[in-house]
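Structure at a glance
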Amino acid sequence: MATITRAHKIRLHPTPEQEEYFRRAAGVSRFTYNWGLDAWQKQHQDFKDSKTTEKPTAMSLKKEFNAIKHTQYPFVEEVTKCATEQPFFHLEAAFKNFFAHRAKYPQFKNKKKSKPAFYLSNDQVDFGPNWMHIPKLGDFILKQREEKGETVQRTRHVKEKLSCVHMAEIFRYVTDHTPTEQKKHRHARKFVVSPHVKLIGVTISKDADWWFASIQVEIVVEPQQAPEAAVGVDVGLLRLATMSNGEEAENQRFLKNLLTKVRNLSRKLSRRTKGSKNWQRAKRQLARLHYRIRCMREDTLHKLLTYLVETFGFIGLEHLNIKGMMKNRKRARAIADAAWGKLIGMLQAKSKMHGAVLQLVDRFFPSTKLCHTCGHKWDTITEKDRVYICQNPDCGWQGDRDVNAAINILVEALRLAWIDQRVDDALVISAVSGIGLDGNVKVRVWRECKTSGAYS
């Protein structure tokens, strides 16, 4: 049994009053983060100057804020306490990522640019068949109605009803003893049954024009038996992915296909008076279109990568310098539309869940220039050469350049994984045999897998 963390993102259908609470809670969370960042910078500067004070931490800032929030910031008490607690831990994680050179220096959150979101701990939220209970939501709505002069009854039943937000679908992670007979069949097939399901927390955020709840859970799953097949994957722009076995995945180019509509909506937004109702309507239309493009792209990646990890137990992939390639203004939009970075990140996560071995090959490995049959290196190959023709007169192999690169990536990934003892000899032999090479080539590839040197 293995314990993993998963998340289920569900769209919410809040009422206008509930949506007002969401915006207020997101604003409180943003205000707390900015207050903590300002206090962190001052305390860290005092620590560097005097060395008498301690380094700022999330707990110290949280205690300091709780001591003054009742008198100086009473508006934060209108929403859940999690909106004023979790931002300090997010800030601490941001500084850890900065000092580890994984992210930039934390910046103050802007109301117009930052994504509205707030966090709920596992003890502050409850779920039903198709609803989610939010703390203090009922009290907030009743208070708003009283301020408008309405006569309200503060009964427990009314507050509980107002605190429940409708969800668009049923929560999919269930335990063995959770009754599912009354649920619809089209929802039952999506259930993930686990002997243990532990709720970690919920993040409520606004994306485009809709509110979503990302529910993080900890589940126990049985380790899956990975297939014995191996594959090398070469990513590109003409084709999203080319496998060493000859299979291809088309690059859908969702942004390019809808670029005319994106430009029209962007032009329409720029011509509206900022802040007007027409401007807000145009902004929502543009945000929905970008959300649609992102959903189509992620759906394609999920299907492709799920097929890879369920079909192959060993996957070789080239580790590209995507940030450096994005600096080329002629290719940046096409690379971003292909989402290579998301492809690598999602493949790393899916391979762990399915027990597959993912081996990344160094970006400087000349997978495109090498002939996978004889190992000869072609230095003059260009992007226009879509057919690889080996320059070695004793070989003369010719074929698709992406398939050739994918086979080279597979062989190099097998060599690196064999050195790191991530795979055994049987997998290397079966993978090399599956490429369909002749006997002499198999011996050469196996010898290079046994050595630590790269191709010459």
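Further up the page is the structure itself.
One structure accompanies this document, and this report is about it. In this text, all values refer to a predicted model and were calculated from it rather than measured experimentally. Residues take numbers from 1 onward in each chain, read along the sequence in its written order. pLDDT decides what is reported in this predicted model: residues at 70 or higher carry local features, side-chain atom pairs at 80 or more are listed and counted, and totals for whole chains, interfaces and linings draw on all residues regardless. Hydrogens are left out, water is left out, and the side-chain values use all remaining heavy atoms of the structure.

**A closer look at the overall build of the protein chain**
- In terms of regular secondary structure, the protein chain is built from 15 helices and 16 strands.
- Throughout, a contact is declared for two residues whenever any of their heavy atoms are within 4.5 Å. Contacts in the protein chain between residues at least 24 apart in sequence constitute 68% of all its contacts with a sequence separation of at least 6.
- Exposure was quantified through the Shrake-Rupley algorithm and a 1.4 Å probe, taking into account, for residues, occlusion by the shown protein chains and nothing else. By element, 50% of the accessible surface of the protein chain is carried by carbon and sulfur atoms, the whole surface being about 26,000 Å².
- The positive charge centre, built from 78 side chains, and the negative charge centre, built from 49, are 8 Å apart in the protein chain. Helix and strand definitions here come from DSSP, where helices need a minimum of 4 consecutive H or I residues and strands a minimum of 2 consecutive E residues; each element is numbered from the N-terminal end. When charges are counted, neither His nor the chain ends are considered; positive counts come from Lys and Arg and negative counts from Asp and Glu. To locate a charge, take NZ of a lysine, CZ of an arginine, CG of an aspartate or CD of a glutamate.

**A short note on the sheet that holds strand β14 (residues 357-361)**
- Here we have 5 strands laid out as an open sheet, ordered β12-β11-β10-β13-β14, and mixed in their pairing. Of all strands in the sheet, those with a lone pairing partner are β12 (248-250) and β14, marking the two edges. On average, each strand axis in the sheet is inclined to that of its neighbour by 20 degrees, with strand direction left out of account.
- Here helix α9 (residues 277-311) sits on the sheet in contact with β10 (230-235), β11 (239-243), β12 and β13 (314-318), set at roughly 5 degrees to β11.
- Against the sheet, helix α13 (residues 401-419) engages β10, β11, β13 and β14, with an angle of about 125 degrees to β10. Note on pairing: two strands pair once DSSP finds at least 2 bridges between them. Axis lines are fitted through C-alpha atoms, for helices just across the contact stretch, and the angle between N-to-C directions can take any value from 0 to 180 degrees.

**Here's the deal with helix α8 (residues 259-270)**
- Its 12 residues place the ends of α8 16 Å apart at the C-alpha level, agreeing with the 16 Å of an ideal helix rising 1.5 Å per residue.
- Turning to α8, the residues buried within the fold contact α7 (254-257), α9 and α11 (332-338). In this analysis, the expected span of each helix is defined as 1.5 Å times one less than the number of residues it contains.

**Notes on helix α2 (residues 58-72)**
- The end-to-end C-alpha distance of α2 is 20 Å, a good match for the 21 Å that 15 residues give at a rise of 1.5 Å each.
- Maximal helix bending in α2 amounts to about 30 degrees, located at Asn66.
- The classification of residues rests on relative accessible area computed with a 1.4 Å probe and restricted to protein chains. Under 20% of the type maximum is buried, over 50% is exposed, and intermediate values are partly exposed. Those residues of α2 lying buried are Ala58, Leu61, Lys62, Phe65 and Lys69.
- Buried residues along α2 sit against α1 (16-50) and α3 (82-99). To get the bend at any residue, fit one axis to the seven residues that end at it and another to the seven that begin at it, then take the angle between the two axes.

**Structural notes on the nonpolar core**
- We define the nonpolar core as a collection of buried residues of types Ala, Val, Leu, Ile, Met, Phe, Trp, Tyr and Cys that are connected through side-chain atoms lying within 4.5 Å of one another. Residues Leu12, Phe22, Met132, Ile134, Val202 and Ile204 are the most contacted members of the largest nonpolar core, which totals 44 residues.
- Counting residues per element, this core draws most heavily on α1, at 10 residues.
- Once you skip the residues sitting within four places of it in the chain, Leu12 turns out to touch Phe22, Met132, Val165, His166, Met167, Ile204, Trp211, Phe212 and Ala213.
- Within the second largest apolar cluster, 26 residues are counted, among which are Leu301, Leu317, Ile335 and Met346.

**Regarding the environment of Thr382**
- Within the secondary structure, Thr382 is located in the loop between β14 and β15 (387-389).
- For the pair formed by Thr382 and Lys148, sequence separation is 234 residues and the distance between their alpha carbons is 70 Å.

**Section: the packing of α2 against α3**
- Running from amino to carboxyl end, α2 crosses α3 at an angle of 150 degrees, the nearest separation of the two axes being 9 Å. The angle between α2 and α3 places the two elements in the roughly antiparallel class. Like other packed secondary-structure pairs, α2 and α3 cross with a definite hand, here right-handed. For the pair formed by α2 and α3, the contact residues are Ala58, Met59, Leu61, Lys62, Phe65 and Lys69 on the first element and Thr84, Glu85, Phe88, Phe89, Leu91 and Glu92 on the second. Orientation labels follow simple angle bins: below 35 degrees gives roughly parallel, above 145 gives roughly antiparallel, 65 to 115 gives roughly perpendicular, and whatever is left gives oblique. Here is the rule for handedness: rotate from the far helix to the near one, and if that takes an anticlockwise turn smaller than a right angle the crossing is left-handed, while a clockwise turn gives right-handed.

**As for the pattern of salt bridges**
- Criterion for a salt bridge: a side-chain nitrogen of Lys or Arg within 4 Å of a carboxyl oxygen of Asp or Glu. By the definition in use, this model includes 21 salt bridges.
- Measuring nitrogen to oxygen at the nearest pair gives 3.5 Å for the salt bridge that ties Arg24 to Glu20. Of this pair, Arg24 and Glu20 are both found in helix α1, 4 residues apart, which corresponds to roughly one turn of the helix.
- Taking the relative accessible area as the measure of exposure, Arg24 reaches 27% and is therefore partly exposed.
- Between Arg239 and Asp400 there is a salt bridge, with the nearest N and O atoms lying 2.9 Å from each other. A residue pair is termed long-range when its members are at least 10 positions apart, and Arg239 in strand β11 and Asp400 in strand β16 (residues 398-400) qualify at 161 residues.
- The exposure class of Arg239 is buried, given its relative accessible area of 15%.
- Within this structure, Glu19, Glu20, Arg23, Arg24, Glu78 and Lys143 form a network of salt bridges that share partners.

**Describing the sheet that holds strand β8 (residues 197-207)**
- With respect to topology, 7 strands assemble into an open sheet ordered β2-β8-β9-β1-β5-β4-β3, the strand pairing being antiparallel. At either margin of the open sheet sits one strand with a lone partner, and together these are β2 (117-121) and β3 (126-127).
- Two elements, strand β1 (residues 2-13) and strand β9 (residues 210-221), share 11 bridges in a ladder whose sense is antiparallel. Considered in β9, the bridge of Arg6 is made with Val217.
- α1 rests against β1, β2, β5 (164-167), β8 and β9 of the sheet, and its axis sits at about 90 degrees to β2.

**Considerations on the layout of surface pockets**
- Using a 1 Å grid laid over the protein atoms alone, points where a 1.4 Å probe fits but cannot get out form a cavity; open sets with protein on both sides within 12 Å along at least 5 of 7 lines form a pocket; any residue with an atom within 4 Å of a point counts as lining. Grid points are joined across faces, edges and corners, and a volume is the space filled by probe spheres set on the points. Each pocket or cavity is described by its volume, and for the largest pocket that value is around 1,500 Å³.
- Taken together, 40 residues form the lining of the largest pocket, with Arg6, Ala7, Arg172, His302 and Lys350 sitting closest to its centre.
- Of all the secondary-structure elements, those providing two or more residues to the lining of the largest pocket are β1, β7 (192-194), β9, α9 and α12 (340-354).
- Looking at the lining of the largest pocket element by element, the count peaks at 9 residues for α9.
- Just so you know the grouping, Ala, Val, Leu, Ile, Met, Phe, Trp, Tyr, Cys and Pro go in nonpolar, Asp, Glu, Lys and Arg go in charged, and all remaining residues, Gly too, go in polar. The class makeup of the residues in the lining of the largest pocket is 17 nonpolar, 7 polar and 16 charged.
- Roughly 1,100 Å³ of volume is contained in the second largest pocket.
- For the second largest pocket, the lining is made up of 26 residues, of which Lys111, Lys112, Pro116, Lys206 and Lys283 are closest to its centre.
- Looking at the lining of the second largest pocket, the element that brings in the most residues is α9, giving 8 residues.
- For the lining of the second largest pocket, a count of residues per class yields 7 nonpolar, 5 polar and 14 charged.

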